[in-house]
Amino acid sequence: MLHLRLIVPADRTDEVLHLVEHTVGTTHLVVLPGAARDPVGDVLLFDVAREAGDQLISALRALGVDESGSITVEHSDLTLSSLADRAKEDAPGQGVDAVLWEKLTDATHEESTFSVTYAAFLAVATMLAACGVMLDNAILIVGAMAVGPEFGPLAGISTALVQRAPRLAWRSLWTLIAGFAVAMVVTVGFAWMMNAFGLFTEAMIEAARPNTAFIWKPDWVSFVVAFLAGIAGTLSLTSTKSGALIGVAISVTTVPAAANAAVAFSYRDYGQMWGSVGQLMANLAGIVLAGTLTLLLQKALWAARRRRTTAVGTSRA
């Protein structure tokens, strides 16, 4: 269930109440007249089944509640109520399949904003991956993958394409490009420093490295893996299965490829560098393509479900 708290101007309360009360899947409605002070208005509290949440939030925004008052949405992990059970049964579809587009857009907007913290995480992840490729250590590579925050802007690009939000698209693209640029430049400096201390050597970058050589040898399997990971990552964002993002993070070679490109550049091994860049581009493209297609399919399926539900309701009436 989703828990909503609305602040509504007093002269709009009846209109909003009519919408809430006639939305299938809502329950536990509480009205607190004049309770809000900033902004001034009435407070409405209620629960709604997740599968009915997106349509209701869109309708509330169409009424201008977000402009004249506020809309706050929280996810309820546990609601013990027969009324809540009935509301979920009445709402169409399954809650886990529902996409809250407003929440998705807001989340990807936050994750797609370039910041010092984002750049620091990506730089640290890339330096960890540099240690992994030089030592041919798969454990370090997996750890670096888990630390990297690059899935946020990738999801932001996919969301922006589906929602036709050019500002989000440009912000996400800038965060992705600038983040990897900063991380790779820092990693080049890191490689030079490690070389000066004798911890990295040219022999290490030129070694066979059986555990990590795939990082600079892109092929179609790399693209397929990235595509599948993009599907899983997008589903984890749009559902309640957020824990799946960890698995996605350690299944694609974006950060390791950027790290190997930086280290290879520091030793003037341009063959490995361009191979790593190709691997990086293949993974990024696969994730964005998969994310976009997944969101488009989810949007189409949910729209079709709504049309069928509406048609059934009309025929019964």
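Residues numbered from 1 in each chain as written. Predicted model: local features only at pLDDT ≥ 70, side-chain atom pairs only at ≥ 80, totals over all residues. Heavy atoms only, no water.

Enquirer: Please explain the packing of aromatic side chains as it appears in this structure.
Expert: Remark: the centre distance and the inter-plane angle together describe each pair of aromatic rings, the angle taken between the planes. Scanning the entire structure with this criterion turns up six aromatic pairs. Taken together, the ring pairs connect Phe114, Tyr118 and Trp174 into an aromatic cluster. The side chain of Lys217 reaches across the aromatic face of Trp216, ending 5.0 Å from its centre. (Phe/Tyr/Trp six-rings, centres within 6.5 Å; stacked < 30°, edge-to-face > 60°. Lys NZ or Arg CZ within 6 Å of the ring centre and 35° of its normal.)

Enquirer: Got a minute to help me understand a nonpolar patch on the surface in this structure?
Expert: Together, Phe114, Trp174, Val182 and Val186 make up a nonpolar patch on the protein surface, roughly 350 Å² of accessible area in all. The topology assignment puts Val182 in helix H9 (residues 166–196). (Patch = residues over 30% accessible without salt bridge, like charges linked within 9 Å, V, L, I, M, F, W, Y side chains within 5 Å. Areas by Shrake-Rupley, 256 points an atom, 1.4 Å probe, with all protein chains shown as cover. Salt bridge = Lys/Arg side-chain N within 4 Å of Asp/Glu carboxyl O. Helix = DSSP H or I, 4+ residues; strand = E, 2+ residues; numbered from the N terminus.)

Enquirer: Looking at this structure, how should I read helix H7 (residues 138–147)?
Expert: Think of an α-helix as 3.6 residues a turn; residues three or four steps apart then line up on the same face. Looking only at H7, the buried set comprises Ile141, Ala144 and Met145. Projected onto a plane normal to the axis of H7, the buried residues spread over an arc of 100 degrees and lie on a single side. Where H7 begins, the capping side chain belongs to Asn137, and its oxygen is found 2.9 Å from the backbone nitrogen of Ile139. (Buried < 20%, exposed > 50% of the residue type's maximum accessible area, 1.4 Å probe, protein only. Arc of directions from axis to C-beta. Polar contact = N/O pair within 3.5 Å; in protein donor to acceptor, adjacent residues only side chain to side chain.)

Enquirer: Just checking my understanding: could you explain the sheet that holds strand E3 (residues 40–48) for this structure?
Expert: Pairing between the strands of a sheet is mediated by backbone hydrogen bonds and can be parallel or antiparallel. Spatially, the four strands line up as an open sheet ordered E2-E3-E1-E4, and their pairing is antiparallel. Each edge of the open sheet carries a strand with a single partner, namely strand E2 (26–37) and strand E4 (70–75). Each adjacent strand pair in this sheet contributes to an overall mean axis angle of 15 degrees, direction not counted. Bridge count between strand E1 (residues 2–8) and E3: seven bridges; the pairing is antiparallel. Within E3, the residue paired with Val8 across the bridge is Asp42. (Pairing = 2+ DSSP bridges. Axes fitted to C-alpha atoms, helices over the stretch in contact; angles between N-to-C directions.)

Enquirer: Would you explain the side chain of Gln272 in this entry?
Expert: Residue position: Gln272 is located in helix H14 (residues 270–316). A polar side-chain atom of Gln272 sits 2.7 Å from the main-chain carbonyl oxygen of Ile205. Excluding residues that lie within four positions of it along the chain, Gln272 makes contacts with Ile205, Glu206, Arg209, Trp216, Asn260 and Ala264. (Contact = heavy atoms within 4.5 Å.)

Enquirer: How do you make sense of the UniProt feature "transmembrane region" (unreviewed entry) in the protein chain when you look at a structure like this?
Expert: Feature annotation in UniProt assigns "transmembrane region" (unreviewed entry) to the following positions: residues 116–135, 141–162, 174–200, 220–237, 244–267 and 273–297. Structurally, residues 273–297 is divided into 100% helix and 0% strand, and its ends, taken at the C-alpha atoms, are 36 Å apart. (UniProt positions renumbered as here; feature names shortened; annotations may be inferred.)

Enquirer: Explain the nonpolar core to me, please; I cannot follow it from the model alone.
Expert: One broad trend across soluble globular proteins is that nonpolar side chains are buried collectively. Core analysis: the largest hydrophobic core is formed by 43 residues, its most contacted members being Met134, Leu176, Phe180, Phe200 and Val263. It is helix H6 (residues 116–135) that contributes the most residues to this core, nine residues altogether. Ignoring anything within four residues of it in the chain, the contact list for Phe200 reads Ala130, Cys131, Met134, Phe190, Ala191, Met194, Asn195 and Tyr267. Counting 21 residues, the second largest nonpolar core, distinct from the first, contains Leu2, Leu4, Val20 and Ala91. (Core = buried A, V, L, I, M, F, W, Y, C linked by side-chain atoms within 4.5 Å.)

Enquirer: Looking at this structure, how should I read H6?
Expert: If you check H6, its first and last C-alpha atoms are 28 Å apart, about what 20 residues at 1.5 Å a residue would give, namely 28 Å. At the C-terminal side of H6, Asp136 shows a positive phi close to 55 degrees. (Expected span 1.5 Å × (residues − 1).)

Enquirer: How should unusual backbone geometry be read in this particular structure?
Expert: Trans is the prevailing form of peptide bonds, just as negative phi is the prevailing case for residues other than glycine. In the segment running from Asp38 into Pro39, the intervening peptide bond is cis, with an omega of 0 degrees. If you check the backbone angles, His28 has positive phi at about 60 degrees while not being a glycine. Phi at Arg209 is positive, roughly 50 degrees, even though this residue is not glycine. Tracing the sequence through the fold places Arg209 in the loop between helix H10 (202–206) and helix H11 (220–238). The buried category is assigned to Arg209, whose relative accessible area is 4%.

Enquirer: Explain the pattern of salt bridges to me, please; I cannot follow it from the model alone.
Expert: This model, assessed by the stated rule, comprises two salt bridges. For Glu15, the salt bridge is made with Arg12, and the minimal N-O distance between the two is 2.9 Å. Among the ionic pairs, Asp66 bridges to Arg61, the shortest N-O distance being 3.1 Å. Note on Asp66: relative accessible area 28%, which makes it partly exposed. Look at Arg61 and you get partly exposed, because its relative accessible area is 39%.

Enquirer: How do you make sense of the side chain of Ser222 when you look at a structure like this?
Expert: In this fold, Ser222 is placed in helix H11. Of the residues examined, Ser222 reaches a relative accessible area of 14% and is grouped as buried.

Enquirer: Sorry, what's going on with the confidence of the model for the protein chain here?
Expert: When pLDDT drops low, the exact placement of atoms in the prediction is not to be read closely. Overall, the predicted model of the protein chain reaches an average pLDDT of 86, with 89% of residues at or above 70. The low-confidence segment residues 312–317 (pLDDT under 50) makes zero contacts with residues lying over four places distant or belonging to another chain. (pLDDT = per-residue confidence, 0-100.)

Enquirer: Whenever I open this one, the environment of Met204 confuses me. Can you help?
Expert: Along the chain, the position of Met204 falls in helix H10. As for Met204 and Val133, which are separated by 71 residues in sequence, their C-alpha atoms are 8.8 Å apart. Leave out the neighbours within four places in its chain, and Met204 touches Met134, Leu135, Leu199 and Arg209.

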